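Coordinate analysis (summary)
Listed here are the chains, written in short residue letters.
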Amino acid sequence: MSNLFKGSPYRRRRDLESGSRSADLDRDLDDYESSSPFNITSTKNASVERLRRWRQAALVLNASRRFRYTLDLKKEEEKKQILRKIRAHAQAIRAAYLFKEAGLRVNGTTDPQKTSGGDFAVSQEQLTTVTRDHNITALQELGGVKGLAEALKTSPEKGILGDDSDLVKRKNVFGSNTYPQKKGRSFWMFLWEAWQDLTLIILMVAAAASLALGIKTEGIKEGWYDGVSIAFAVLLVIVVTAISDYRQSLQFQNLNEEKRNIHLEVIRGGRRVEVSIYDIVVGDVIPLNIGDQVPADGILITGHSLSIDESSMTGESKIVHKSTSEPFLMSGCKVADGSGTMLVTGVGINTEWGLLMASISEDTGEETPLQVRLNGVATFIGIVGLSVAVLVLVVLMIRYFTGHTKNPDGSIQFKAGRTSVSAAVDGAIKIFTVAVTIVVVAVPEGLPLAVTLTLAYSMRKMMRDKALVRRLSACETMGSATTICSDKTGTLTLNEMTVVDAYVGGQKLDPPDNKARLSGVLSSLLIQGVAQNTNGSVFVPEGAGDVEVSGSPTEKAILVWGLKLGMDFDAVRSQSTLVHVFPFNSEKKRGGVALQSVIAESQVYIHWKGAAEIVLACCSRYSDASGEVVPMDEDKALFFKNAIEDMAARSLRCVAIAYRPYEEKVPADEQQLMQWKLPEDDLILLAIVGIKDPCRPGVRDAIQLCQNAGVKVRMVTGDNLQTAKAIALECGILGSDADAVEPNLIEGRIFRAYSDEQREEIAEKISVMGRSSPNDKLLLVQALRKRGHVVAVTGDGTNDAPALHEADIGLSMGIQGTEVAKESSDIIILDDNFASVVKVVRWGRSVYANIQKFIQFQLTVNVAALIINVVAAISSGDVPLNAVQLLWVNLIMDTLGALALATEPPTDHLMHRPPVGRREPLITNIMWRNLLIQASYQVSVLLVLNFQGKRLLSLQHDNADHANKVKNTIIFNAFVLCQIFNEFNARKPDEKNVFRGVTKNRLFIGIVAMTLILQVVIIEFIGKFTSTVKLNWKHWLLSVGIAFVSWPLAIVGKLIPVPKTPLHEFFTRKFYRHGRH
């Protein structure tokens, strides 16, 4: 099924998209397209200069509205300057404090301590002095970390009590972990921005002039209608536009709040609890692991190889190692390596990060490729519309001032020397107003904003489908994804792990927690390795509550197994001290600790835990059932290898636990200890465990859906290749054992050994990559992208960040993902479920499909309205659709049309076709066919009515003025009803049944109903303002009949085949071939 769309044009133009055309022509077309400022296939890493180019090339009537949701390049530069100032400010304070401190030491005086901390023995000022100024002397004067913890009424091991009264007290004294945010724009700001449209301003000026002249010539009773009706129509457009834009901005604000609300673990009352970053208080004890964000200012309590990336605060991309001599941690920084615990000493506005966040407003603007392309489309249409408007203006003015424009009764409107100046000016203003209104209709300002509308709608709905969009562009790019490189653990599997097999003491334990078969020595060493070599923890509540185990799913599974073997977690940890830690590393696939016995300080053990075959390869001995250390002969090594393969074939994750005594002297100096590499040879094997992590329910169906949609799913995992193969077969990534051969199934080390060219060739075929490192994942992404794929990648670890950044769409995991991974990603999958990734693909395709629906609808209105007015103006000097009517059509077409069509929910039909190529034309041949058929029909019928309407409608015997108004009213009514009926056609550009699923979109039905009701009100009740007259039931039936024909016409039209070569490409080829000759 994965080859279903092998020949389909869904990849980049450099391979399959180019089809059979010559390389020279392909290069010419690429050069032609790349020269266009609107041809940006990805805005993810686009340069500022490239972004500035398309803005300057766009034809824009209202810049503040058009560019509202794009990146504000000026503000971005200002933000960088503020950032530099605050960093310099913080460093200046620190330097001044050190200078002052040095002066006090020389004079033999000390700085008086401030103590106004309420119930606490330390004040906020003192804490700020210690942390923000990195003042180690002040920290020592407070008694170091222990003394500071006592002053803050907290325990370095168990944290604060964490009850409500304690939290309130701490927030009152030291503040909360929030900062004042700049308020979002009010509704009045959006109203003001909607006013900025140049054409609307011109129309208001024209309305004012028309009002003044009307009152002067016809008196106040009759003369105010024309001016006021135009002004009211303009105001209606402005208000509806502002309401729509304001609602969008509120949705974006809510999503930004969600993005900032990080959840993390803190230690309170001896147990690990998950809290929001906003709920952290001074005195909290927070565990830090690789990839975490430091959530507040603080002091290091304990750290093991802890390295912090402080570039977000200092501006220098330097990794800083933290220790007792350099214990200060700054909010907003990232843990680059190692682990540790910190004591919170400053939150919110009392941190440098808080100052920084309060000083800059987060600019949510970010253009998407579709938005840029639509600006190109809008610019092209705008230029055509502007040209038409100028043509109409010139023709009507010439006809008017040369006496060729007549009143309905046949009298000439302008007679040189006889017509008064005010009448002449009034006539000229009416002509000018029509021309300006044509510009309003012709320049589709709402077209690029329709992307924002559909993205805002999709993002809100995607939140319900457990996907949080961090970058707008990813939402639409996902619709073009041709391959998804997915993690195994937690994404394809449930991440609910249990130890189901165990080999301990050289034999298989059945059941795996059968402790009766273990000797005391072996059991003691094994439990020590489980309890000490872990990032997890065990909390035993007082009384009879259940034991709480925390940590990663793998850690939890092993800790639970250890508890079943009789482990007393706290007691075991108190019997030895951690000397050094080598945190688990996804490159080496293992982690280790050096332990020193509390009783016998000379006794040092080094424990290792990691990927079974890798740890086994480091073992030269093993511990037998009696606890004796026995050399590992070939037979025993083969026994363990077979055990690993057997477990892996049953899709179990295999983890080995080993140790070795260390007789040499442990480095005493902290600096030497940080650089000490734990010995990893000559290890003694203690145990190999098999951990079951079942496939997620429904994942097989989700993968099948992707394959049907032309999206290849590849598994990239750090697990054993056999485990990966078993899971891949179970979830449908591999069809059968026959598919499980190289290069479909490959190990990371083999893949990375190939040359760049070989990797590109093999990447196409890879379905499963086992024992891969994060760098292997990055190499795979790069190779696939060079082959022309649009790549989505899932990742949860810090080391996944480069691959997430490199991919077209980076998908991080919301539960297991680190903050570094989340910040490098474009979309966060909140439930870590692969099925949610597939939903994102559906939404991505829906965004593109909805925009195309809106384009088809809007262009049909544009083409029809322009042709009708131009032909009528040139031939008769009169236009059937006046300014007020055109403004109403503009409202239906622009704001209301976008709301109705851009909010269509995704359908299953979207997943039965190949991905949309990123260079495929926005207006497809199918759309051109639909558009031209409907526009031609509307133009033909309405022009016939315009020129022969009086005869066809039997109005020859009516008063000439009334007959003309009836004819024009029917034209206007039929035209608007045609758009309402055509709105249904636009829902399904390539399906015959345009009503399928219409009841699911209540907004669509509501807008259509509202438009219909308003049209009836306009015709029947406020004709004075719109220059229309009431219609009888026959005229209404005629109008509805004309509009109704558009439905069967659409069905007939869809039977007409269209060529596969895009229309613009056909003309481009002709142009280049002609240019060559």
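Residues numbered from 1 in each chain as written. Predicted model: local features only at pLDDT ≥ 70, side-chain atom pairs only at ≥ 80, totals over all residues. Heavy atoms only, no water.

Looking now at the packing of helix H27 (residues 756–763) against helix H28 (residues 774–786). Orientation of H27 relative to H28, taken along the N-to-C sense of each, is 80°, at an axis distance of 8 Å. On the basis of the axis angle, H27 is roughly perpendicular to H28. Contacts between H27 and H28 pair Arg759, Glu760 and Ala763 from the former with Leu779, Leu780, Ala783, Leu784 and Lys786 from the latter. Each residue belonging to the contact of H27 with H28 can be placed in one class, and the counts come to 5 nonpolar, no polar and 3 charged. (Axes fitted to C-alpha atoms, helices over the stretch in contact; angles between N-to-C directions. Helix = DSSP H or I, 4+ residues; strand = E, 2+ residues; numbered from the N terminus. Parallel < 35°, antiparallel > 145°, perpendicular 65-115°, else oblique. Contact = heavy atoms within 4.5 Å. Nonpolar A, V, L, I, M, F, W, Y, C, P; charged D, E, K, R; others polar.)

Among all residues except glycine, the phi angle is most often negative; among peptide bonds, the trans geometry is most common. The omega torsion across Asp510 and Pro511 is 0°, close enough to zero to call that bond cis. Within the element layout of this structure, Pro511 appears in the loop between strand S11 (507–509) and helix H18 (520–532). Residues other than glycine seldom take positive phi values, yet Lys153 does so here, at roughly 55°. With respect to the helices and strands, Lys153 occurs in the loop between helix H7 (144–151) and helix H8 (164–174). In this structure, Ser305 is a non-glycine residue whose phi angle is positive, near 55°. One can find Ser305 in strand S4 (residues 297–309).

On to helix H33 (residues 925–952), then. Within H33, the axis deviates most sharply at Asn946, by approximately 60°. Just downstream of H33, Ser954 is the residue with a positive phi angle, here 55°. (Bend = angle between axes of the 7 residues up to and from the residue.)

We now examine the sheet that holds strand S24 (residues 791–795). Here 8 strands make up an open sheet; going across it, the order is S8-S26-S25-S24-S9-S21-S23-S22 and the pairing mixed. Every other strand in the sheet has two partners, leaving strand S8 (467–469) and strand S22 (745–747) as the edge strands with one partner each. This sheet shows a mean twist of 20° between the axes of neighbouring strands, independent of strand direction. The strands touched by helix H25 (residues 721–731) within the sheet are strand S21 (712–716), S22 and strand S23 (768–770), with S22 carrying the most contacts at an inclination of about 155°. (Pairing = 2+ DSSP bridges.)

Moving on, we come to the pattern of salt bridges. One pass over the full model with this rule turns up 33 salt bridges. A salt bridge links Lys322 to Glu310, with the shortest nitrogen-to-oxygen separation between them at 2.9 Å. Taken together, the positions of Lys322 in the loop between strand S5 (319–321) and strand S6 (328–329) and Glu310 in the loop between S4 and helix H12 (311–314) put the pair 12 residues apart, joining distant regions of the chain. One exposure class covers both Lys322 and Glu310, and it is buried. Arg996 is the partner of Glu991 in a salt bridge, and the nearest nitrogen-oxygen pair spans 2.6 Å. Salt bridges here are not isolated pairs; linked through shared partners, they connect Asp501, Lys508, Asp646 and Arg650. (Salt bridge = Lys/Arg side-chain N within 4 Å of Asp/Glu carboxyl O. Buried < 20%, exposed > 50% of the residue type's maximum accessible area, 1.4 Å probe, protein only.)

Take the UniProt feature "transmembrane region" (unreviewed entry) in the protein chain next. The feature "transmembrane region" (unreviewed entry), as annotated in UniProt, sits at residues 190–215, 227–246, 377–401, 431–457, 1003–1023 and 1035–1056 in this numbering. Helix makes up 100% of residues 377–401 and strand makes up 0%, while its end C-alpha atoms are separated by 36 Å. Taken end to end, residues 1035–1056 comprises 82% helix and 0% strand; its first and last C-alpha atoms sit 32 Å apart. (UniProt positions renumbered as here; feature names shortened; annotations may be inferred.)

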